[in-house]
Amino acid sequence: MHYGMCCLCVLQPRAVNVDLQTDATLQVDISDALSERDKVKFTVHTKSTLPNFKQNEFSVVRQHEEFIWLHDSFVENEDYAGYIIPPAPPRPDFDASREKLQKLGEGEGSMTKEEFTKMKQELEAEYLAIFKKTVAMHEVFLCRVAAHPVLRKDLNFHVFLEYNQDLSVRGKNKKEKLEDFFKNVVKSADGVLVAGVKDVDDFFEHEKTFLLEYHNRVKDASAKSDKMIRSHKSAADDINRIASSLYTLGTPAMFKFEFEFTSSVVESGLLRFCFIALQKIEARVAADEDLKLADLLKYYLRESQAAKDLLYRRSRALVDYENANKALDKARAKNRDVLQAETSQQLCCHKFEKISESAKQELIDFKTRRVAAFRKNLVELAELELKHAKGNLQLLQSCLGVLKGNT
Amino acid sequence: MAASSDRNPPPFPSSEEPEAGLSDMADGDSDEGEDIFVNNSNPVAVSRGVSQPDGVNEEPPDLFSEEEASNPITKSNGVHSDDDNDLFAEAHVELSTDKSGNSSGKDLSSVSGPRTTSSFNQSPASMQPTSLEQLEEEEAKDSFDVDVAVTNPEKVGDGMNAYMAYKVSTRSSLPMFRSKTFSVRRRFSDFLGLYEKLSVKQSLHGCIVPPPPEKSVVGMTKVKVGMDDPSSVEFVERRRAALERYIQRVVSHPSLLQDPDVREFLERDDLPRAVNTQALSGAGFLKMINKASDAVNKMTIKMNESDTWFEDKFQEVENEEQQLRKLHALVDSLVNHRKELCGNTAVFAKSMAMLGNSEDNTALSRALSQLAEVEDKMEQLHQEQAASDFFIFAELLADYIRLLGAVRGCFDQRMRAWQRWQEAQSTLQKKREAEAKLLWANKPEKLQQAKEEITEWEARVTQYERDFDRIGMTVRKEVLRFEKEKAKDFKSQIIKYLEAMLQSQQRLIKFWEAFLPEAKAIA
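Residues numbered from 1 in each chain as written. Chains lettered and ligands numbered in written order. Predicted model: local features only at pLDDT ≥ 70, side-chain atom pairs only at ≥ 80, totals over all residues. Heavy atoms only, no water.

Enquirer: What's the story with the overall build of chain A in this structure? I'm lost.
Expert: Each helix and strand in chain A was counted, giving 9 helices and 4 strands. Across chain A, helices and strands are ordered from the amino to the carboxyl terminus as β-β-β-β-α-α-α-α-α-α-α-α-α. The buried share among the 407 residues of chain A stands at 48%. For chain A, long-range pairs separated by at least 24 residues make up 76% of all intrachain contacts whose partners lie at least 6 apart in sequence. (Helix = DSSP H or I, 4+ residues; strand = E, 2+ residues; numbered from the N terminus. Buried < 20%, exposed > 50% of the residue type's maximum accessible area, 1.4 Å probe, protein only. Contact = heavy atoms within 4.5 Å.)

What follows is the structure, encoded as structure tokens:
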């Protein structure tokens, strides 16, 4: 099934965008998006008063790979070692949804027209939801960069925003992917070593311990919330199917006498109506939980990883600094290449201090952002749950009223 | 009356006459003035059900042919005793509205509550007044009830010979029981045994005998072996509830209640063990039904239905059974997903609690712990919802799938009766031909015998025809009663289901309302 959808970005409260300075000097958003067979095209829209740009307002079309290129360029840039690099948006994944739609198309003959239309609507809604989510994730990434005092000035970022041709960013080839793989292996092995080094600075020591544990628990919570939400959706799907089935059951015998006895025309379809409405409510609850809780957890999973990466880089710099110190001492002792060792040591010291300084601020900001995001989402989650439960309650009360009122 | 001999319900060929005395009472009209239970004299209204069979009522043995002609107003009680009038004035009012065809639902349902059963003293096999109104009237008149509960499952014995014994308590004001309340202990095979006895007797007459719940080797083995896990507990509870519904349906059926086997089941302390119950549960039951259907399908002479009611109704029943099966599968799926959701929510709650522990912002930490608690409570709600889905909804569907099978069996019995009749007719024809041959051959002794045989078979043909008509009547009545009961049953179960949901939503609201301020307090 070929799906082309255009989706205007009237995106809802982004789950994780909080406390970002809405700065008139640079505003970025994704104004439009188009989903084609195997890729999504995002229209990145920028409004800026900065002199670096040729115009004050302009748009370009970007694909997912270009976002990744931008993110990687930040990570590889030594100057940014002391910052939490905003996590890259996840790859748009419509495979599952597409598969379901395809299966539905194949099975069209085996179900009634009503059932088919209903299921198609459900799947389309699901597809749209996934689509909206991926757009939101890409937008959040850009907004975070735009809000960061240093990253927003990055040249690659400006090119990304302004250059209206294809960036010709090709995906990594096999060799590069392999390199990445090894880099990660080394990094995690190194990370273990580095983590073992006790930090003199209390603040960083505490942060290290905290982040390690926090990250693992967010990971766990994220996985569990996904599972829970999937079950919820399955239950909602079942209710949907029951409602459709009741449609065929509702007219013949089962409710015939009902109708005669109670002289209520409404009643024969009442049960079906109840189930349909209940299904909608269950599905909505599952969707809201999804947005608020699961997305939040997923985002902070990536953010906490980025924070861990920062700590790792700092620890790495510390180790390098300590090694440089040892080298200098050795050089002085042997009285050989002292100047070289001194320069090297100074560089390491400078690098380390620079990282430490910005890292501290970054980590504090991270905390503030995190608390605010959680607060916002938890409040909204509670409010939505209440809204739905109250709606559900009203529906049930009126159904029961009709069913009981006639006796 | 001249017709009174015709009015006597012809004795059923195969049944004993357990209520012999009573059927005497039930006969005649103006003779038994004092007996308020006499129905036969009552002009049975035409609207005995939704549709009137066209061709079936021509035969003299029907009570109804005469009664149809008479004044539809049921004044049975008034005829007999004045005292009754006052008590039953209300019943009259209700019934007259019934005549008009659209009943006020309230009246009917208050008259014939799920537990009411009349105690007309008639042989179960005999022709009862089959009008709905008469039924209602009897019930209103007597305003008796029989309430049966199945409780206290207890394991008796050990190992593989162990079994579950259930307490069957009856509460009734009917004089036919020895006391107002009493109870006995029964085991599952006793219930099956009861069904066997009833189905043998009653289904032959077109009665819909409620089928018992299914045997389950796996379930029972676990219980026997002494596993105390939640699924065993659930299994026992499921069975107990199913047995209770089963026996309640049996006693709600006016003719079945009269059956001495039912009484024995409810009252007798020491019931002889039922044997050969393999045939009669679950698969066995279905096999029996299907065998009957096969026999019908193999009939060489196809029945020419003068009245399409039976054909249409049968089709309806088959369709409904199919739909219920489909629906039942869906509800089963829902139950499983809810149970899954339950488990996943509990696990999620724990992980949130852990996350809350790691969080170093105190307010957020507390809020996350609170969230974990809310999710825990949600898990419990899901659990209860799943139980409700199952015990109320799924079991209802399962019961009716079985019952519809019984209804189909009923229709098949009628076909068998028709077949018997047709066969008797063809035998009679052969005998007549034989007689004709003998006349020509001039063998007086053999002729005499032939004549006797002809008379015998003529009687049989008449008998079987009557039987067929009677079964048709009974099947019709039974089906209408069944549909009424079904509508009531579904309605009351659905109300229960929705009420359970309502309560759980109310609790959900409480949980989240308590959580909201905690979330807002995060700083």
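Having seen the model, we can carry on.
Enquirer: Mind showing me how you'd approach the UniProt feature "coiled-coil region" (unreviewed entry) in chain A here?
Expert: In this structure's numbering, the residues bearing the UniProt feature "coiled-coil region" (unreviewed entry) are residues 314-341 of chain A. Regarding residues 314-341 of chain A, the helix share stands at 89% and the strand share at 0%, and the terminal C-alpha atoms are separated by 21 Å. (UniProt positions renumbered as here; feature names shortened; annotations may be inferred.)

Enquirer: How do you make sense of the domain arrangement of chain A when you look at a structure like this?
Expert: Frequently, the measure chosen for interface size is the accessible area removed from exposure when the parts meet. Residue and element names in this part refer to chain A. Under the domain assignment used here, chain A contains domain 1 (1-171) and domain 2 (228-406). Between domain 1 and domain 2, the residue contacts involve 26 residues of the former and 33 residues of the latter. Of the roughly 2800 Å² buried at the junction of domain 1 and domain 2 (both faces included), carbon and sulfur atoms supply 54%. Summed over the shared surface of domain 1 and domain 2, the number is 3 salt bridges. Here E303 and R144 are joined by a salt bridge, their closest N and O atoms 2.1 Å apart. In this assembly, domain 1 and domain 2 are joined by 9 residue pairs in polar contact (both at pLDDT 80 or more). Taken together, the residues of the side of domain 1 that touches domain 2 sort by class into 14 nonpolar, 2 polar and 10 charged. (Domains from an automatic or database assignment. Buried area = accessible area lost by both parts, 1.4 Å probe. Salt bridge = Lys/Arg side-chain N within 4 Å of Asp/Glu carboxyl O. Polar contact = N/O pair within 3.5 Å; in protein donor to acceptor, adjacent residues only side chain to side chain. Nonpolar A, V, L, I, M, F, W, Y, C, P; charged D, E, K, R; others polar.)

Enquirer: I would appreciate a short explanation of the nonpolar core in the present structure.
Expert: For soluble globular proteins, the rule of thumb is that nonpolar side chains tend to be buried together. Formed by 120 residues in total, the largest nonpolar core has its most connected members in I242, F374 and L378 of chain A together with M352 and W512 of chain B. Secondary structure elements with two or more residues in this core: α6 (202-250), α8 (270-334) and α9 (338-405) of chain A together with α14 (308-358), α15 (362-441) and α16 (444-520) of chain B. With 27 residues, α15 of chain B is the largest single contributor of residues to this core. Each of domain 1 (1-171) and domain 2 (228-406) of chain A accounts for three or more of the residues forming this core. Contacts of W512 of chain B, omitting those with residues within four sequence positions, involve L381, A382, E385 and L386 of chain A together with L371, V374, E375 and M378 of chain B. (Core = buried A, V, L, I, M, F, W, Y, C linked by side-chain atoms within 4.5 Å.)

Enquirer: Sorry if this is basic, but what is going on with the pattern of salt bridges here?
Expert: Side-chain pairing between opposite charges can occur once the charged atoms of the two side chains come close. Applying the stated criterion across every chain, the model contains 49 salt bridges over all chains. K100 of chain A serves as the salt-bridge partner of E126 of chain A, at 3.0 Å between the closest nitrogen and oxygen. Here K100 of chain A lies in helix α2 (residues 95-106) and E126 of chain A lies in helix α3 (residues 113-147), a separation of 26 residues in the sequence. We classify K100 of chain A as partly exposed; its relative accessible area is 39%. Residue E264 of chain B pairs with R268 of chain B through a salt bridge whose shortest N-O separation is 2.8 Å. E264 of chain B gets classed as partly exposed once you look at its relative accessible area, which sits at 23%. When salt bridges that share partners are traced, they join E214, R238, R245, R249, E395, D399, R402 and D489 of chain B into one network.

Enquirer: Where do I start with the interface of chain A and chain B in this structure?
Expert: Contacts between the two partners involve 67 residues from chain A and, on the opposite side, 67 residues from chain B. The contact between chain A and chain B buries some 6000 Å² in all, and 71% of this surface belongs to carbon and sulfur atoms. Taken together, chain A and chain B are joined by 4 salt bridges. A salt bridge links D360 of chain B to R370 of chain A, with the nearest nitrogen and oxygen atoms 3.4 Å apart.

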